[in-house]
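So you can see what is in the structure, the chains are spelled out below.
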Amino acid sequence: MSSETTRSPLVLAISWGHMDVEDLGVGKDFKLYPSGGRPWDWSETGTRHSPGVQPDDVLELLAHGATTVVLSRGMQLQLQVDPRTLKLLEERGVTVHVAETTEAVQIYNDLAASGTAVAGLFHSTC
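Below, the structure is looked at part by part. Just so you know, these numbers come straight off a predicted model, no measurement behind them. (Residues numbered from 1 in each chain as written. Predicted model: local features only at pLDDT ≥ 70, side-chain atom pairs only at ≥ 80, totals over all residues. Heavy atoms only, no water.)

### Remarks on the sheet that holds strand β8 (residues 118-123)
No. 1: Pairing is mixed across the open sheet formed by five strands, whose spatial order is β5-β4-β8-β6-β7. Of all strands in the sheet, those with a lone pairing partner are β5 (36-39) and β7 (95-99), marking the two edges. Neighbour-to-neighbour, the strand axes of this sheet turn through a mean angle of 10°, independent of strand direction.
No. 2: As defined by bridge partners, strand β6 (residues 68-72) adjoins β7 across five bridges and the pair is classed as parallel. Looking at the pairing, Ser-72 lines up with Ala-99 of β7.
No. 3: Here helix α2 (residues 55-63) sits on the sheet and contacts β4 (29-33), β5, β6 and β8; the angle it forms with β4, its principal contact strand, is near 35°.
No. 4: Helix α4 (residues 101-113) contacts β4, β6, β7 and β8 of the sheet and is inclined by roughly 160° relative to β8. (Pairing = 2+ DSSP bridges. Helix = DSSP H or I, 4+ residues; strand = E, 2+ residues; numbered from the N terminus. Axes fitted to C-alpha atoms, helices over the stretch in contact; angles between N-to-C directions. Contact = heavy atoms within 4.5 Å.)

Quick look at the structure:
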C-alpha cells in the first residue's frame with residue numbers, strides 16, 4: 001500500500017459549522033484518521049461539551065493506526081476533553097495535541113502532509 005493511500009485526509013477548508021475534507025466532502029464535525037475518516041456523530045458515545053471528548057471517541061482513531069491524535073476544542077473552546085481520554089492516550093503512548101479548531105486543523109494538516117500517522121476529532125462550531 002502506498003503512503004498516499006494510507007495518508008490521513010487533509011482538511012481543505014474550515015469555517016464556522018463547515019469543513020471540507022479531502023475525499024470525504026463537506027460536513028460539520030469529522031473523525032479523521034490514516035486512510036480515511038467520517039462525520040463525527042457525538043450521540044454515538046454521548047459526547048457533550050462537558051465533560052467533552054470521551055475515551056470511546058478516540059478508540060476508533062487508534063484502531064486505524066494513529067500514533068498522533070489532534071483534538072479540537074471548537075472555535076470558541078467550548079468543547080472540553082475528558083481527563084480519562086488524555087489518560088487513555090498517554091497509556092497507549094500516543095502523542096496528543098489539543099487546540100482551538102483552526103489551530104488544530106493546521107497542526108493536523110502539517111502532520112498529515114509530513115506522513116505522520118495522525119488522526120483528529122474536529123468540532124467546527126462553538
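Moving on, there is more to tell.
### A look at the pairing of strand β1 (residues 11-15)
No. 1: Relative to strand β2 (residues 18-21), β1 runs antiparallel, the two sharing four bridges. What sits directly across from Ile-14, in β2, is Met-19.

### Section: the side chain of Thr-68
No. 1: Along the chain, Thr-68 turns up in strand β6.
No. 2: With a relative accessible area of 7%, Thr-68 lands in the buried category.
No. 3: Residues contacting Thr-68, with those up to four places away along its chain left out, are Val-94, Thr-95, His-97, Leu-111, Thr-116, Ala-117, Val-118 and Ala-119. (Buried < 20%, exposed > 50% of the residue type's maximum accessible area, 1.4 Å probe, protein only.)

### Focus on α2
Residues that lie three or four places apart on an α-helix share one face, since the helix turns once every 3.6 residues.
No. 1: Regarding α2, the residues found buried are Pro-55, Asp-57, Val-58, Glu-60, Leu-61 and Leu-62.
No. 2: Those residues of α2 that are buried are in contact with β4, β5, β6, α3 (83-91) and β8.
No. 3: Looking one or two residues beyond α2, the residue adopting positive phi is Gly-65, at roughly 90°.

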